[in-house]
Amino acid sequence: MEKSTYYVSVQSRSVLTEQGASAYEWEIEATPEEADQVRIELDMMQEKDEEMTGYLFPWPDTPQQSSNVLFQSSLDKVYRTIYQLGTPATRQQMEELRLLSDLT
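Residues numbered from 1 in each chain as written. Predicted model: local features only at pLDDT ≥ 70, side-chain atom pairs only at ≥ 80, totals over all residues. Heavy atoms only, no water.

> Would you take a moment to explain the confidence of the model for the protein for this structure?
Close inspection of predicted coordinates is inappropriate for parts of the model with low pLDDT. Per-chain confidence: the protein averages 86 in pLDDT, with 82% of residues scoring 70 or above. By mean pLDDT, helix α2 (residues 64-85) is the weakest element of the protein at 85, and strand β3 (residues 26-30) is the strongest at 98. (pLDDT = per-residue confidence, 0-100. Helix = DSSP H or I, 4+ residues; strand = E, 2+ residues; numbered from the N terminus.)

> Hey, could you run me through the nonpolar core in this one?
Counting residues in hydrophobic clusters, the biggest one holds 20 residues, and the most contacted among them are Val 8, Val 10, Ile 28, Leu 42, Tyr 79 and Ile 82. In terms of residue count, the dominant contributor to this core is α2 (seven residues). Once residues within four sequence positions are removed from consideration, Tyr 79 is found in contact with Val 10, Trp 26, Met 94, Leu 99 and Leu 100. (Core = buried A, V, L, I, M, F, W, Y, C linked by side-chain atoms within 4.5 Å. Buried < 20%, exposed > 50% of the residue type's maximum accessible area, 1.4 Å probe, protein only. Contact = heavy atoms within 4.5 Å.)

> Just checking my understanding: could you explain the sheet that holds β3 for this structure?
Each strand in a sheet pairs with another by means of backbone hydrogen bonds, the pair being arranged parallel or else antiparallel. Strand order in the open sheet formed by three strands is β2-β1-β3, with antiparallel pairing between adjacent strands. Each end of this open sheet is capped by a strand with a single partner; those strands are β2 (14-16) and β3. Sheet twist, expressed as the average angle between the axes of neighbouring strands with direction ignored, equals 30°. (Pairing = 2+ DSSP bridges. Axes fitted to C-alpha atoms, helices over the stretch in contact; angles between N-to-C directions.)

> Any chance you could explain the pattern of salt bridges here in plain terms?
Between side chains of opposite charge, pairing is possible as soon as their charged atoms come close. One pass over the full model with this rule turns up two salt bridges. A salt bridge links Glu 34 to Lys 3, with the nearest nitrogen and oxygen atoms 3.5 Å apart. Within this pair, whereas Glu 34 is found in helix α1 (residues 32-53), its partner Lys 3 is found in the segment before β1 (4-9), the two being separated by 31 residues in sequence. Classification of Glu 34 by relative accessible area gives partly exposed; the value is 25%. In this structure, Asp 36 engages Arg 39 in a salt bridge whose closest nitrogen and oxygen atoms are separated by 2.8 Å. (Salt bridge = Lys/Arg side-chain N within 4 Å of Asp/Glu carboxyl O.)

And the structure:
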């Protein structure tokens, strides 16, 4: 299947086909199915973020740390997928920013 250019914003949790439609951080080359996978991963990250911010734990031995780990894991998965599908410029920028620990 033919790949198209998509514009991804992790901050706003979006994958767009039009460059000027909204602000974005990353450019990827993906099939429609791959773009849908990025959307699913962004949705999962949003769920983990909502779970994490929905609770405040005043005690040091609370599940807040495990919530942070789950969110970070979800965020890392999104970044790995973006890196895999990313344009050369996207990959270079991600490497320079050291967003993925396994790339540095």
